[in-house]
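Structural overview
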Amino acid sequence: MTSLPDPAALYAAHLAGLKAHADQALARGGLDHLVIPSGRLHYQAFDDQAYPFQVSPQFKAWLPLTRVPDSWIAYTPGKRPQLIFLQPRDYWHAVPDAPGGWWLEHFDIHIIRTPDQALALLPKPARLCAILGEAHSALGEYAPNNPEAVIDYLAWQRSYKTPYEIALMRQAQARAVRGHRAAEAAFQGGASEFDIHLAYCGAAGQDASQLPYANIVGLNQHAAVLHYTELERSAPAQRRSLLIDAGASAAGYASDITRTHAAEVGSEFQAMIEAVDAAQIAMAQAVAPGVDYRQLHLDAHLALMGILRDFGLITVSPEAALESGVSAAFFPHGLGHLLGLQVHDVAGLAESDRGGRIPRPAGHPYLRMTRVLEPGMVVTIEPGLYFIDMLLDQARANGHGAAIDWDRVAQFRPFGGIRIEDNVLCTNDGADNLTRPAFAAA
Ligand code: GLY
Ligand code: MN
Ligand code: MN
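We now turn to the structure provided with this report.

Thresholds applied
Residues numbered from 1 in each chain as written. Chains lettered and ligands numbered in written order. Predicted model: local features only at pLDDT ≥ 70, side-chain atom pairs only at ≥ 80, totals over all residues. Heavy atoms only, no water. Phe/Tyr/Trp six-rings, centres within 6.5 Å; stacked < 30°, edge-to-face > 60°. Helix = DSSP H or I, 4+ residues; strand = E, 2+ residues; numbered from the N terminus. Buried < 20%, exposed > 50% of the residue type's maximum accessible area, 1.4 Å probe, protein only. Lys NZ or Arg CZ within 6 Å of the ring centre and 35° of its normal. Donors = N, O, S within 2.8 Å, 3.2 Å for Na, K, Ca; no water. Tetrahedral: all angles 85-135°; square planar, octahedral: opposite > 155°, others 65-115°. Salt bridge = Lys/Arg side-chain N within 4 Å of Asp/Glu carboxyl O.

**Side note on the packing of aromatic side chains**
Under the counting rule described, the total for this entry stands at eleven aromatic pairs. Judged by centre distance (6.1 Å) and plane angle (70°), the ring pair of W102 and Y164 falls under edge-to-face. Residue W102 is found in the loop between β3 (82–86) and β4 (108–112), and its partner Y164 is found in helix α4 (residues 163–188); the two are separated by 62 residues along the sequence. Under the relative-accessibility criterion, W102 is labelled partly exposed at 34%. Overall, Y164 belongs to the buried group, its relative accessible area being 1%. Relative to F107, the ring of W103 lies with its centre 6.2 Å away and its plane at 85°, an arrangement referred to as edge-to-face. By relative accessible area, F107 is classed as buried at 3%. If you follow R371 out to its NZ or CZ, it ends over the ring of W156, 3.7 Å from the centre. Between the NZ or CZ atom of R396 and the centre of the ring of W406, over which it lies, the distance is 3.9 Å.

Written out as structure tokens, the structure reads:
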């Protein structure tokens, strides 16, 4: 197995880019300092139990630290960035280790023992700071103000991943693929959704608080619920299909991978999975600079409807199915989205680094990416075909019943649906599918 690139060697260049982006963002906002709280624990109502801590994406863009509440990054153009790091004196909870690692030399580090000690260390005056975060992170005068010009600029720049970020995203692929392999084996062994989920977490080495999103594990008809996260404790009497959409995190960077498996080798459903898989590979290969993602999405509709027609589920041409909205009854979500520090990463609809929105194509309200692809972007390519009663009933009510072969739909309904999702880097030379090589190496 070839070794993955080392993020440590790539960090200095990543940080230099962040500083340049911060300089420009602050200039646009007419502000002097960038201040980023890591975030603060949220407590459950009437309880002393906190929700799992999720670090601010703005914070983890700068540092590979994801478990450090009440810490701060402060940056002033031309100066070294500051890390104000909370290491409380606490014998109830594990205290974060003293900061260490290859990034340390790039920061001035200030250890604080209580959250309010940050106040004396934050740049002054507070009114000249761009403070990025949620209101809950406020400390004294340092209440997040999230200046729009700053946020828009930084969000736009986050669309272009640095080699450091790509290295971490490759690690997130490898981790998730270990989970997917274990999940497939658990499924073929007759496990319940819950046990498939546990097999995934065990092999990926991450649990619900670290995964980038809640695992979607659907057996049989549950695969027709796009974000099915119920995790049934008992296995169904008859095992037909598994749809598993599950990722992993590496220093706060996400992978987002879906596979669909058939219980019966050689079945018609298996053949349909293979058809979607082949179409998905082609869609991923179409990722290239200058390609409009909206067009990829519409092309995906046509390819998927071609499969449904070949399998006899629709009686009309792919073009007619797209035109009438019948295709959206079978493929009711977007082809994909930007991926990075967040699973649905920011700026997928952004018109420029000054904000604005590129509209979705009419009739496609769930598409999360409307931009033209450029080198450095990482997108998901996740076509799907589902047998969802609610949407098929609507298609019939809208007068499109004759476009659908209802007997064939009835034969496929027990399998729920199919989704295949890879993560693809756009490079100058075209598509670099991050996911397929990770499966090949596993
Ligand atoms: N796992 C959520 C998505 O694929 O967008
Ligand atoms: Mn997914
Ligand atoms: Mn996705």
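From this point on, the discussion continues.
**A look at the coordination of the manganese ion (ligand 3)**
On the protein side, the manganese ion (ligand 3) has D256 (OD), H337 (NE2), E382 (OE) and E421 (OE) as donor atoms, found 2.1 Å from it. Seen from the manganese ion (ligand 3), its six donor atoms lie at angles of 50 to 158°, and the figure they make is irregular. Counting along the primary sequence, the residues that act as donors to the manganese ion (ligand 3) give the motif D-x80-H-x44-E-x38-E. Between the manganese ion (ligand 3) and the manganese ion (ligand 2), a separation of 3.3 Å is found, and both are coordinated by D256. Here E421 lies in the loop between β15 (417–419) and β16 (422–427) and D256 lies in the loop between β9 (253–254) and β10 (257–262), a separation of 165 residues in the sequence. The class of D256 is buried, set by a relative accessible area of 3%. Look at E421 and you get buried, because its relative accessible area is 0%.

**Quick word on the pattern of salt bridges**
What the rule picks out here adds up to 15 salt bridges. A salt bridge links R259 to D422, with the shortest nitrogen-to-oxygen separation between them at 2.8 Å. With a gap of 163 residues between them, R259 in strand β10 and D422 in strand β16 connect regions that are remote in the sequence. For the pair R259 and D422, one class covers both residues: buried.

**Comments concerning the coordination of the manganese ion (ligand 2)**
Perfect tetrahedral coordination of a metal by four donors corresponds to 109.5 degrees between them, and perfect octahedral coordination by six donors corresponds to 90 or 180 degrees. The protein atoms that coordinate the manganese ion (ligand 2) are D245 (OD), D245 (OD), D256 (OD) and E421 (OE), at distances of 2.0 to 2.3 Å. Coordination at the manganese ion (ligand 2) is irregular, judged from the six donor atoms that bind it and the angles of 57 to 171° they form at the metal. As a motif over one chain, the donors of the manganese ion (ligand 2) read D-x10-D-x164-E.

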